[in-house]
Each structure stands twice: as C-alpha cells, then as structure tokens.
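What follows is the residue order along each chain.
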Amino acid sequence: MPNEEEKLNEVSKNAPVDHESGLEPRGCTTEDSAVTQVVNDIQNEIAESERVGVNDPPQIEAQLTDQAEPSETIAGTENKLPNATCVASAPPATPQNSSASDEVLDAYVISENGDSRQEDTTQLDIRPTERSVNQMTNAMVGRPYDFQIELNRLEGTNIDLSLQSFADQVTPFGLSVSEQNGILRIEGTPNEEAKGDRTFVLDYTLGGDKQFRSTFTLLVNPDPKTLWKEIEPDENAPFKKPHTVSDRLVGNDFQILAASRRGRSHAQEGKFREDDYAVRIDPDNDWYYLVVSDGAGSAKLSREGSRLACHTAVEFLGFKVTELLEPKIDDFITANEANRPVIEKDIRGILYQVLAGAAFASYKKLEGQAETSGDPIKDYSCTLLIGIVKKHKGKNFLASFSIGDGAIAAYDARARSVQMLSTPDGGEYSGQTRFLTMKDVIGNASDMMSRIRYHLVDDFEASALFLMTDGISDPKFSTDNNLLDSFKWHDFSSDLLDHITLDADDADSQLLEWMNFWSQGEHDDRTLVILCPINKTGN
C-alpha cells in the first residue's frame, strides 16, 4: 500500500496540464522553490498528523446555531481567494475516497508572494434561527389597521429587537411598528402596494450573540370599491340613458331635490341605469309633483319603462290635479279640521281618479309602446311611486300612491316621528315585488284604492317628504319594519344633512354624490327625491 508521500507524488504526476500556458496546475515552473517549500510543509503536516494519531483533516469550527444555514457569501475580504499570478488552472475535484493528505493539500493555496496559507472558513455569515411564524389578522387597503402581540409569546422577556429593520419592511405598505411595555404593535392604513400576501421578519437576541427570527404573515385584501368595473353599455342598444342625473326645483314654499345614478352592479355588467324619476312644480297653483320608478332587472327594456311611467304620470297629474283636486282642496282641509268623516269618501274618490288614474295612464303608455316595438309589455316592467304636495292656509296636504317596493315617507325631525305613505310590495322571496305592468294589480279597483294614502300636516318646517327606490331603502333600512322606526329615519336624515347643504345651488349634485355611498352587497341603481321647506330666514 503506497504511503502518503507516494500518493502526493502520484497526484502531482497525474494532474492535467494547461496546454495553452504550458504550466502544471500546482506550480509556476518545475524548479520553483516556492513549490518545493509547499510540498515540504505538507509533508511536515502529514507527519505531525500521524504523530498525534489523527488521520482525518483538521476540523473547521464554525459557530452554527440550530437550524441555521451558512450564507452563500464569505464575510470579510480576508476570506477571498488571492489573485495568485502563478496559479494555473484549478486542481481536479477531490475523489470520493481521497485520503487525508489530499484534503489537507486542497486546504492550501499559493499566494502572490509564494507563501502558503490555509483558508479561514470560520467567519461564515450565519442566518438567524427561525423560532416562530405568526399569522397577523387580515387587513384591507384603505382601512385603519391595528395588530398587537405580546413579546413573551415569541421567546420571553429578555428580548433585544431589531425594530428598525422590521420598520423598514412595513413602512412602504403604509404601516408602522412600535414596542411598549412588552407589546409589539403594527398599525397604520395599508396602501395599494400592500394588497396580497406579505411576509415580514423580526430579528432579535435574548441578551447574547445568538440571533433568532420570527416571521409575520399578513393578508391585505383589496378595497372592494376598486374591484368594480365601469363598463359602457352597447352603443347600438336602444333607449340610451345617462348614468347619472339630478335636479333642483325651487317653489314658493318648498324645494325639490332629485337624483338618480346607475348602480355598481349595472356598471359591472355594462347595463344602463334602469331607475328614473320626474318632478314638477305647477307655477299656477303651487302643487308639487314627484314620481319615482325602478325598472325591473329581469326586464330587458325596463329602463324605458321607468322613464315612460314617470313622465306620463307627471303629465297626467298636471291636468287632473288642476281639474279635480285644486277646486276641492279648501273643502278637504276645512272638513278635516271639523273632523267630518263623511268627507273621507269624497277625498278618496277624487284621489283615486288623480293618483290611480296617473298609474293607469302610465300603464297604457307602456302597453302602447310594447305594441309599437313588438315586445311583450313585461319587458317594460317597473315600479311606480307618486307623491303630491300643496301648502294651503297654513296646512300641508300630502297624498301618495305606490306599486312595488321602495318607500314614501314624511319625516318630522323636530318631533322625530315618521308617517309612512306607502306599503312596499314584497314577494315570497327576497327581491320579489309587484310591477305596474301586472294586470292583476292595475285592473283591480279595490287593490288600487288601497294603495292611496293622504296626510295633513300642521307644521312642516322641520319635515321632509322622501320617495326612494329600493336601491336606497334596502341599504339604509334593511327591512320593511325598519321603515317604521323613527330612530332609523333620524339617522338617515342626519346622514344626509352631514353631506348636503339643502339651500346650496348645487344641492342636487351633492345629493347625487352622497348616493355613491358604500354598502356591502347593495349595488343596485339608486334614486331619491326629497321635498323640503325653503329656508326663508337664511339660517
């Protein structure tokens, strides 16, 4: 069996030659004294190993912690391979069964001045030991966020945190980090860049040199508002309608604010706004007419149905109120004050001809349109809400008629009381209602009569009349029972007044903007018409 010196000679003899340079891999020339010195040093090292009975190469000690992995880079310039001008090509790879002398030989390099030295591998950059993974509560873009964790959940109380490094990770996403009384706090408002899965690492020590690391994972959900698309309808589709519309009409005693806007669900699908309204003030007798309609989502031409219904009803009211109701309004108010029940039949009879007549006129208009277009009348399905108001001899006369869902109500903010002037038509299932185009409704006289309401109000200075489609009533009141709750109406009117200056010239535009409020799961078209007193004092 060859001894260690023979192995060394064999390795040198069989080493590949760099034919371009003519150099052997282990020396500059065959007579270089530096090489001879290296060989002598190696032999002395081998002899020393045999003398102490060590047959394995020297063990390199590195300060490795549990689960740590050495860095891919070597720390410090002293650990870089020297630029040895006399070293030719790299030595061949050490065989699997190489002897101790081969391994010791490869641990040496030749420096520029010919000196040999052993590489120092004890300065490796060690990663911190991973201790825990902490799932933070989910966040949402644009909403305030606050997450807290007790530090003793990580390791204990004697923790030295690398807070600046952690802060550098969270700050770009709109968050900040602080530590006080053993509580680590991450707070702020996540920005758009934060959305998605985020991972942050917190390095710390326990009073010594050994480093540890805890990982924090955070899911930031996008702002739901940003997920909705604004898709334009087919430009070749019939009955085009603007996505938003608003009006402000001012009379002698009241003003009317009206606004309607396309819902997010319709914008997402590239549909037209299906709601509509029509309002008018009669300059000759100071009657106020308010009409609102919600086109059925299942009816392909309901956007035209709602438009025709509203404008036809307002036109009809203009004629019939002047013809039938205006001559009798003084008698009605006088009889009501005298508590004469006999007048009730007369009032309801005239209101039937005026209000139910307006609904029937709208129905006939849709029927004629369906015949002209060749479409079934159900394709024009829509609801219909009507309100009429007049101030006379210090009294305020309000009357209404409704088919379908939505709401008509008079709310007195001073008394915090509500008078419902409609009963929403609900079906067996959520979202079901009745429509103007249904013959079993429009052709039933007793049913039509039951849909008429009227109300006489002494003081209307702190009151308002509201007509709204379910795009407003559903998110703001949720249930039909809540429509009877005066506290809900107080909250509703207060919300409006927080966003709208009623006497402003652009009050209708403010109303339209308010109607863009966010309510999860409620993204239908929204239409709201308000009649309220004019602030004649300027207060």
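Note that this is a predicted model, so its numbers are computed, not measured.

*Asks:* How should helix α4 (residues 163–170) be read in this particular structure?
*Replies:* Residues lying three or four places apart along an α-helix face the same way, a consequence of the helix completing one turn every 3.6 residues. Among all positions of α4, only Phe 166, Ala 167 and Val 170 are buried. All buried residues of α4 project into a common sector of 100° when viewed along the axis, lining one side. Those residues of α4 that are buried lie in contact with β9 (175–180), β10 (183–188), β11 (196–205) and β12 (211–221).

*Asks:* Looking at this structure, how should I read the sheet that holds β9?
*Replies:* In sheet architecture, strand pairing relies on hydrogen bonds along the backbone and comes in two forms, parallel and antiparallel. Sheet architecture is open: three strands sit in the order β7-β10-β9, paired in antiparallel fashion. Looking at which strands have only one partner, the edges of the open sheet turn out to be β7 (145–150) and β9. Averaged over neighbouring strand pairs, the angle between their axes works out to 15° when direction is ignored. Bridge analysis of β7 against β10 gives six bridges, and the strand direction is antiparallel.

*Asks:* Whenever I open this one, the pattern of salt bridges confuses me. Can you help?
*Replies:* Pairs can form between side chains of opposite charge once their charged atoms are near each other. On inspection of all chains with the given rule, the structure shows 22 salt bridges. A salt bridge links Glu 230 to Arg 262; its shortest N-O distance comes to 3.0 Å. On the criterion of sequence distance, the pair formed by Glu 230 in the loop between β12 and β13 (244–250) and Arg 262 in the loop between β14 (254–261) and α5 (264–269) is long-range, its members being 32 residues apart. Two residues, Asp 458 and Lys 395, come together in a salt bridge whose shortest N-O distance is 2.5 Å. Of the two residues, Asp 458 sits in the loop between β21 (452–457) and β22 (463–468) while Lys 395 sits in strand β18 (residues 395–403), which places them 63 residues apart along the sequence. With a relative accessible area of 52%, Asp 458 lands in the exposed category.

*Asks:* I tried to follow unusual backbone geometry on my own but got confused; where do I start?
*Replies:* Most peptide bonds are trans, and most residues other than glycine sit at a negative phi. Despite not being glycine, Lys 393 has its phi angle at roughly 50°, a positive value. Checked against the element boundaries, Lys 393 lands in the loop between β17 (384–392) and β18.

*Asks:* Mind showing me how you'd approach the packing of helix α11 (residues 470–477) against helix α12 (residues 486–499) here?
*Replies:* Angle between the axes and distance between the axes are the two parameters that describe a pair of packed helices. The N-to-C vectors of α11 and α12 enclose an angle of 115°; their axes lie 11 Å apart at closest approach. When the axes of α11 and α12 are compared, the crossing they make is right-handed. Along the contact surface, α11 presents Ile 472, Lys 476 and Phe 477, while α12 presents Lys 488, Trp 489, Phe 492 and Asp 495. Considering only residue class, the contact of α11 with α12 consists of four nonpolar, no polar and three charged.

*Asks:* Can you help me understand the nonpolar core in this one?
*Replies:* Among soluble globular proteins, nonpolar side chains are generally buried collectively. Of all hydrophobic cores here, the largest spans 44 residues; its most connected members are Leu 317, Leu 355 and Leu 436. For this core, the leading source of residues is helix α8 (residues 342–373), giving 12 residues. Apart from residues no more than four positions distant in its own chain, Leu 436 is found in contact with Ala 309, Ala 359, Ser 362, Tyr 363, Leu 366, Cys 382, Leu 384, Ile 403 and Ile 442.

*Asks:* Whenever I open this one, the confidence of the model for the chain confuses me. Can you help?
*Replies:* Caution is warranted with low-pLDDT regions, since their predicted coordinates should not be read in detail. With 72% of its residues at a pLDDT of at least 70, the chain reaches an overall mean of 80. This stretch, residues 49–125, has a pLDDT under 50; its non-local contacts, to residues over four places away or in other chains, come to 85 contacts.

*Asks:* For this particular structure, what's the right way to read α11?
*Replies:* Counting buried residues along α11, six of its eight residues qualify, which places the element largely inside the surrounding structure. Buried residues along α11 sit against β16 (288–294), β22, α12, α13 (507–514) and β23 (526–533). Of the residues flanking the end of α11, it is Ser 478, one or two places downstream, whose phi is positive at about 70°.

*Asks:* What is the right way to read the side chain of Asp 379 from this model?
*Replies:* By the element assignment, Asp 379 lies in the loop between α8 and β17. Here Asp 379 sits buried without a salt bridge, and the closest side chain of opposite charge, Lys 300, lies 4.1 Å off (N-O distance). Setting aside residues no more than four positions away along its own chain, Asp 379 makes contact with Ala 299, Lys 300, Leu 301 and Ser 302.

*Asks:* Just to check I follow, could you spell out the sheet that holds β18 for this structure?
*Replies:* The strand order across the open sheet formed by five strands is β15-β16-β17-β18-β21, and the pairing between neighbours is antiparallel. Each edge of the sheet is formed by a strand with only one pairing partner; in this case those strands are β15 (275–281) and β21. Neighbour-to-neighbour, the strand axes of the sheet open up by a mean angle of 10°, direction not taken into account. Two strands pair when backbone bridges link them, and β16 and β17 are joined in this way by five bridges, in the antiparallel orientation. The residue of β17 that forms the bridge with Leu 290 is Gly 387. Across the face of the sheet, helix α7 (residues 329–337) comes into contact with β17, β18 and β21 while running at roughly 80° to β17.

*Asks:* Please explain the pairing of β13 as it appears in this structure.
*Replies:* As paired strands, β13 and β14 are joined by seven bridges and run antiparallel to one another. Note on β14: the bridge partner recorded for Val 245 is Ser 260. Counted along the chain from β13 to the antiparallel partner β14, the turn is three residues long.

*Asks:* Where do I start with the side chain of Arg 261 in this structure?
*Replies:* Position of Arg 261 among the secondary structure elements: in strand β14. Salt bridges are absent for the buried Arg 261, whose nearest opposite-charge side chain, Glu 513, sits at 4.9 Å. A polar side-chain atom of Arg 261 sits 2.7 Å from the main-chain carbonyl oxygen of Leu 512. Setting aside residues up to four positions removed in sequence, Arg 261 forms contacts with His 243, Thr 244, Arg 273, Leu 512, Glu 513, Met 515, Asn 516, Asp 525 and Arg 526.

*Asks:* Help me understand the packing of aromatic side chains in this model?
*Replies:* Each aromatic ring pair is summarised here by two numbers: the centre-to-centre distance and the angle between the ring planes. Evaluation of the coordinates by the stated rule reveals 16 aromatic pairs. Centre to centre, the rings of Phe 254 and Tyr 288 are 5.3 Å apart; their planes meet at 85°, and the pair counts as edge-to-face. Of this pair, Phe 254 sits in strand β14 while Tyr 288 sits in strand β16; the two residues are 34 residues apart in sequence, bridging distant segments of the chain. Of the two residues examined, Phe 254 and Tyr 288, each falls in the buried class. Ring centres 5.6 Å apart and planes at 35° place the aromatic pair Phe 466 and Trp 489 in the tilted group.

The rules behind the values
- Residues numbered from 1 in each chain as written.
- Predicted model: local features only at pLDDT ≥ 70, side-chain atom pairs only at ≥ 80, totals over all residues.
- Heavy atoms only, no water.
- Buried < 20%, exposed > 50% of the residue type's maximum accessible area, 1.4 Å probe, protein only.
- Helix = DSSP H or I, 4+ residues; strand = E, 2+ residues; numbered from the N terminus.
- Arc of directions from axis to C-beta.
- Contact = heavy atoms within 4.5 Å.
- Pairing = 2+ DSSP bridges.
- Axes fitted to C-alpha atoms, helices over the stretch in contact; angles between N-to-C directions.
- Salt bridge = Lys/Arg side-chain N within 4 Å of Asp/Glu carboxyl O.
- Left-handed = near helix turned anticlockwise from the far one by under 90°.
- Nonpolar A, V, L, I, M, F, W, Y, C, P; charged D, E, K, R; others polar.
- Core = buried A, V, L, I, M, F, W, Y, C linked by side-chain atoms within 4.5 Å.
- pLDDT = per-residue confidence, 0-100.
- Lys, Arg positive; Asp, Glu negative; His and termini not counted.
- Polar contact = N/O pair within 3.5 Å; in protein donor to acceptor, adjacent residues only side chain to side chain.
- Phe/Tyr/Trp six-rings, centres within 6.5 Å; stacked < 30°, edge-to-face > 60°.

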